[in-house]
Amino acid sequence: MKKPLIPLNEEERLKALRKYNLLDTLPEEDYDHITMLASVICDTPISTITLIDSDRVFLKSHRGLKGNSGERSTSFCAHAINDPHELMIVPDSRKDDRFADNPNVTGAPYVVFYSGIPLVTEEGYAIGTLCVVDSKPHELNDIQKESLKSLGRQLIRLLELRLKNQMLDKQKADLEVYANDMEMFAYVASHDLKEPLRMVKSFNELLARKYSELLDDTAKKYIQFSIDGVERMNSLIDNLLLYFTAGTLSKEKQNTDVNHVMKEILKLYETQILSGELKISFSTLPVIHISRMEILIVLQNLISNAIKYQDKGNVPEVEINCTTEGEFVQFSVKDNGIGIQRQNLEEIFTIFKRLHTRTAYGGTGIGLSIVKRIVEQNEGKIWVESEPGKGSTFYFTLKKN
Ligand code: ADP
C-alpha cells in the first residue's frame, strides 16, 4: 500500500480547512443532497464529502457508509487532493499497487471503484473531496465525470457561502456589542457629564447674583460666556444621546397619525405664529407605522432648521406635504430660507457638519444626522433640493406599513 503524500502547502491547507468550521459538525441537508445526487448520477451505492484533516478524514456527508471518520493514511481521498484539479479515478483498486492491500479494500467497506473530485477553495487549497465509491469495478462515462466535477464546484460555492455567512454573523454580533457599548456610553456620559455641568452653571449664576455689585461688566460678560458654554454642552450631550439611541426608539412602532404629531409641534411655535413672525402650513398627512417619538424628532428637526436658517428679518414660511409612492410615503419640508450650495447638499447629513459659524446660526451639527439615522432605520431615504437665496426642500420617505 502506498501512503498518500502530504501536500507542500499542508500548513496553509489545514488553516484553510479549519476556517470553514466544518470538522466534527452534524450532518446537514444541503450537503446530503449533494452526495445523494452524486450517487444517483454516477450510479454508485456510496458517496461522501470527505475533509482531510492532519491525520484523519472527516466525512461531512456519507451516503452508503456508517461511520463519519477514518485514517488519513488509508484514505483514497487523501491521494486525490494531491492533484487538486483532476478527477481521480481508480477503476479497480485490487489491481492498483497503491491500494491493493489497503484495509479499506481488503475489508469493509471494500472500496473497489473510486472516483473523487478535489474540493479546491477560492484561495486554491484542496481541503477534501466529493467522491463516489463502489464495491465492484465500475466506470464513469463523460457525462457522469462532468457532472461529478460540476457537483464539486457547486459544493465549493456552498462552502464559500457558509464562510461568508459566518463572517456576516460575526460582524453582526460585533456590531451589536458595539451598538450596546455606544448606547451604554451615551447614557453614562449624559448622566455623569450633566451633573458637574449643572454645578458649574449654578455656581456661575450664584456668582453673578451674589457678587453682582463687586463685578464689573467684563467679569459679568465672562460669567455669561461660561453659562452659555454650559448650555451648549448640555444640548450637545442631549443630541449625542439622541443620535446613539435613534436606532432603539424604532422598537416601539405603532400606527401614528402624523397630523397629530404636527399639531404637537405647532404648539411649540404658537406665540410666533400668532404674532405673524412665522407661517407654517401642512396638507393632510397620513397614518404610518412608526414610533411616534421618531417621526416627531424627524419633523421637529427639519422644521426648526427651516425656521432657523433664514436671513435676518425674513418671516419664515414652512410648508409640509406628503405624497404616497407605492408602499412608501414621501414627506417634504419646504422653507423660504437662505438655501444651501450644491456642493454641500450631501455633507450636511454627516454628524457635526455645519456650514455656518456659531455666531451666525447656533447649533450642534447633529440634528440632520439623527434625522438621517431614523429615516434609514425605517427603510427610508432622505435628501434635499436647494438653491442659495431661494430656500430648501427636504424630502424623506418612510414605509407606510
Ligand atoms: P445644526 O442645525 O445644529 O447645525 P443640523 O445637522 O440640523 O445641525 O444641520 C447641519 C447643517 O445643515 C446646518 O449647520 C446648516 O448649515 C445646514 N442646514 C440644515 N437645514 C437647513 C435649512 N433648512 N436651510 C439651510 N441650511 C440648512
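Here, the structure is the one placed above.
Parameters and conventions
- Residues numbered from 1 in each chain as written.
- Predicted model: local features only at pLDDT ≥ 70, side-chain atom pairs only at ≥ 80, totals over all residues.
- Heavy atoms only, no water.
- Pairing = 2+ DSSP bridges.
- Helix = DSSP H or I, 4+ residues; strand = E, 2+ residues; numbered from the N terminus.
- Axes fitted to C-alpha atoms, helices over the stretch in contact; angles between N-to-C directions.
- Near = heavy atom within 4 Å.
- Polar contact = N/O pair within 3.5 Å; in protein donor to acceptor, adjacent residues only side chain to side chain.
- Areas by Shrake-Rupley, 256 points an atom, 1.4 Å probe, with all protein chains shown as cover.
- Nonpolar A, V, L, I, M, F, W, Y, C, P; charged D, E, K, R; others polar.
- Phe/Tyr/Trp six-rings, centres within 6.5 Å; stacked < 30°, edge-to-face > 60°.
- Buried < 20%, exposed > 50% of the residue type's maximum accessible area, 1.4 Å probe, protein only.

A. Representation of the sheet that holds strand E5 (residues 113–120) within the structure. Taking strand neighbours across the sheet as the criterion, the six strands line up as E3-E2-E1-E6-E5-E4 in an open arrangement whose pairing is antiparallel. Strands with a single pairing partner mark the edges of an open sheet, and in this sheet they are strand E3 (69–71) and strand E4 (88–90). Across the sheet, the axes of successive neighbouring strands diverge by a mean angle of 25 degrees, strand direction being ignored.

B. Up close: the site of the ligand. Near the ligand you find 20 residues, and of these Asn305, Tyr309, Arg354, Thr364 and Leu368 are the closest. A distance of 2.8 Å is found between an oxygen atom of the ligand and a side-chain nitrogen or oxygen belonging to Asn305. Leu355 places a main-chain nitrogen or oxygen 3.3 Å from an oxygen atom of the ligand. For the ligand, the protein covers 98% of the area, taking 530 Å² as the surface of the free molecule. Of all elements in the fold, only helix H9 (292–308), helix H10 (367–377) and strand E13 (391–399) reach the threshold of two or more residues within the shell around the ligand. Sort the elements by how many residues they give to the shell around the ligand and H9 lands first, with three residues. Residue composition of the shell around the ligand, by class: eight nonpolar, eight polar and four charged.

C. How the structure looks around the packing of aromatic side chains. As enumerated under the stated definition, the model contains six aromatic pairs in all. Arranged with centres 4.0 Å apart and planes meeting at 10 degrees, the rings of Phe76 and Phe99 form a pair that is stacked. With Phe76 in helix H3 (residues 76–80) and Phe99 in the loop between E4 and helix H4 (103–106), this residue pair connects regions lying 23 residues apart in the sequence. Phe76 gets classed as buried once you look at its relative accessible area, which sits at 5%.

D. Representation of the pairing of E13. A large share of E13 lies buried, amounting to eight of its nine residues. Sheet topology places strand E11 (residues 328–334) next to E13; seven bridges connect them, and they run antiparallel. Paired with Lys334 across the bridge in E13 is Thr393. For strand E12 (residues 382–387) and E13, the ladder comprises six bridges, and the chain directions are antiparallel. Looking across to E13, one finds that Ile382 is bridged to Phe396.

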